[in-house]
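# Per-entry structural report
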Amino acid sequence: MTKTRQMTLIAFLNAQNCGSYVGSWRHPASMSDFLTPEYYQRIARTLEDGRFQMAFFDDRLAMPDIYGNDHRATVENGVRAVKLDPTVVMMTMAAATTHLGLGATYSTTYYEPFHVARHFGTLDLMTKGRVAWNIVTSMNDSEAVNFGRDSHLDHDLRYDRADEFMEAVLGLWDSWESDAISCDKASGRFADPNKVHRLDYAGQYFKTKGPLPVPRSAQGHPVLLQAGSSGRGQRFAGRWAELVFTSYSSLEAGKKQYTALRAAVSAAGRDPDSVKIAPALHVIVGETSEAAAEKRAMLESLAKPIDGLTLLCEVMNVDFSDRPYDQPFTDEELANVSWQSFRDNVIERSGKKNPSVRDFVEISKRGTLNDQMVISGSPTEVADQMEAWHAEACDGFVILGSVLPGSYEDFVRLVVPELQRRGLHQRDYKGTTLRDSLGLPKPEVGDRPSPSDARRPG
């Protein structure tokens, strides 16, 4: 018999006052101790009990304040007003677990390759090979100003710089061969200098000498996670990502995007089967269909209009506050939108070349429970839907928390046993590193894409 292809299950987390669904903090069952390590450690233990392969943290480098050029509405309504450093929070979770993979978002636009290589290389050693880096290029002027810039970089330029950033980081991670250290006290020889390499990277945007003073981890280097969905973003993901986080609006759209992402990997000269593709998913599960429907209705009632307006301004880098609700955006305004795949999705679904604020609010459903795919029902109904998607459009799922920690507790208690019964989810962890758990190969020194001629190290 052919062995059933198992799902990769990933939890999407935020080091903030709410989950990805802003209204989650208003739910009576949501815990409010999000400024303590215990909050995140409870979630981590739950996910490890459910044999999730990984949890990773989203991040922004600014409080949402583009709506009305003011942070007051964000603070008053708790619209992701708190943003802790995700790598620090991640390590509190690592201390409470032994197998759960842990990832965090770090920007290629506002950090330097040496810093990121050293930081994540150290995190990977301190977790014995359980770390992933979620690669982002950031998205708005508020983030730029926080880092001393006047405005955010253009979309394609951010990705051009990010390509160089990745070349430099992976080159630095290759500084040490796995067997470089001998620590021979009798001879006084610590390591073989012929197995520690200087990089001397010199590109158009970045320069770094190396060697990185951080040896390789048990999994070679951190797993690379990325969420590029635009044409340029897909090419970037095809070249670098080992795990792609994406978003589907329907099963048919998901099939097309899954095919396109795998094609981008192939076009970059890589094996599509070596990359995991996982769409975002809210799961609302109850012991019965009726119980799940009641939970969903309660959750949907928590959203406020200000949530969507504030978050749309954040991701589009446009202030909606003094704009007529039904006035179409001009071609020039749309060209300047930061999140291009988000913009293109609204244009396609609205059927309008120049949508309005109303179109963006009503079609994207930003700030509501339904801004991502939602599956709800009994454990059997949820598993049926997940199995259907997994068969044709993905390698696993990024499960979003609509109530924390309750959403993950419900999923682990009710859905995981049903997926395991069907052979769709692991009953135990495979190996000790995140790569072991994901079924990804351990990279050896030199296993990285070659830089283009225009960006070849000097």
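Up top you'll find the structure we're talking about.
Quick look at the structure, then. (Residues numbered from 1 in each chain as written. Predicted model: local features only at pLDDT ≥ 70, side-chain atom pairs only at ≥ 80, totals over all residues. Heavy atoms only, no water.)

What follows deals with the pairing of strand E11 (residues 276-285). A large share of E11 lies buried, amounting to nine of its 10 residues. Between the parallel elements strand E10 (residues 243-246) and E11, the chain passes through helix H8 (residues 251-267) in a crossover that is right-handed. Of the pairings in the sheet, the one linking E11 to strand E13 (residues 396-400) comprises three bridges and is parallel in character. Within E13, the position partnered with His-282 by the bridge is Leu-400. Pairing geometry for E11 and strand E12 (residues 374-377), over four bridges, is parallel. Across the sheet, the residue bridging to His-282 is Val-374, located in E12. (Buried < 20%, exposed > 50% of the residue type's maximum accessible area, 1.4 Å probe, protein only. Helix = DSSP H or I, 4+ residues; strand = E, 2+ residues; numbered from the N terminus. Right-handed = clockwise from strand over helix to strand, strands pointing away. Pairing = 2+ DSSP bridges.)

Under the counting rule described, the total for this entry stands at 33 salt bridges. The residue Arg-26 makes a salt bridge to Asp-307 at a minimum N-O spacing of 2.8 Å. In this pair, Arg-26 sits in the loop between strand E1 (8-14) and helix H1 (37-49) while Asp-307 sits in helix H10 (residues 305-316), placing the two residues 281 residues apart along the sequence. Via salt bridges that share partners, Asp-160, Asp-163, Glu-167, Arg-232 and Arg-239 belong to a single interconnected network. (Salt bridge = Lys/Arg side-chain N within 4 Å of Asp/Glu carboxyl O.)

Our next topic: the environment of Val-398. With respect to the helices, strands and loops of the structure, Val-398 is situated in strand E13. In this structure Val-398 comes out as buried when scored by relative accessible area, which is 1%. The sequence separation of Val-398 and Val-244 amounts to 154 residues, and the corresponding C-alpha distance is 10.0 Å. Not counting the four nearest positions on each side in its chain, Val-398 is found in contact with Ile-10, Phe-12, Phe-56, Phe-245, Ala-278, Pro-279, Ala-280 and Leu-281. (Contact = heavy atoms within 4.5 Å.)

For the rest of this paragraph, the subject is the nonpolar core. Ranked by internal contacts, the top residues of the largest apolar core, which has 82 residues, are Trp-133, Met-386 and Phe-411. Of the residues forming this core, the biggest block, nine residues, is contributed by helix H6 (residues 155-173). For Phe-411, the contacting residues outside a window of four places in its chain are Leu-9, Phe-52, Val-283, Val-285, Met-386, Ile-399, Val-416 and Leu-419. (Core = buried A, V, L, I, M, F, W, Y, C linked by side-chain atoms within 4.5 Å.)

What follows covers H6. The end-to-end C-alpha distance of H6, which contains 19 residues, comes to 27 Å, matching closely the 27 Å that a straight helix rising 1.5 Å per residue would cover. Within H6, 16 of the 19 residues are buried, which leaves the element mostly enclosed by the surrounding structure. (Expected span 1.5 Å × (residues − 1).)

Further remarks concern unusual backbone geometry. Here the amide bond leading from Gly-210 into Pro-211 is cis, since omega sits at -5 degrees, within 30 degrees of zero. Inspection of the secondary structure puts Pro-211 in the loop between strand E8 (207-208) and strand E9 (223-226). The omega torsion across Leu-404 and Pro-405 is 5 degrees, close enough to zero to call that bond cis. Relative to the assigned elements, Pro-405 resides in the loop between E13 and helix H15 (406-421). Here the phi dihedral of Asn-317 falls at roughly 60 degrees; this positive angle occurs in a residue that is not glycine. Relative to the helices and strands, Asn-317 is located in the loop between H10 and helix H11 (331-335).

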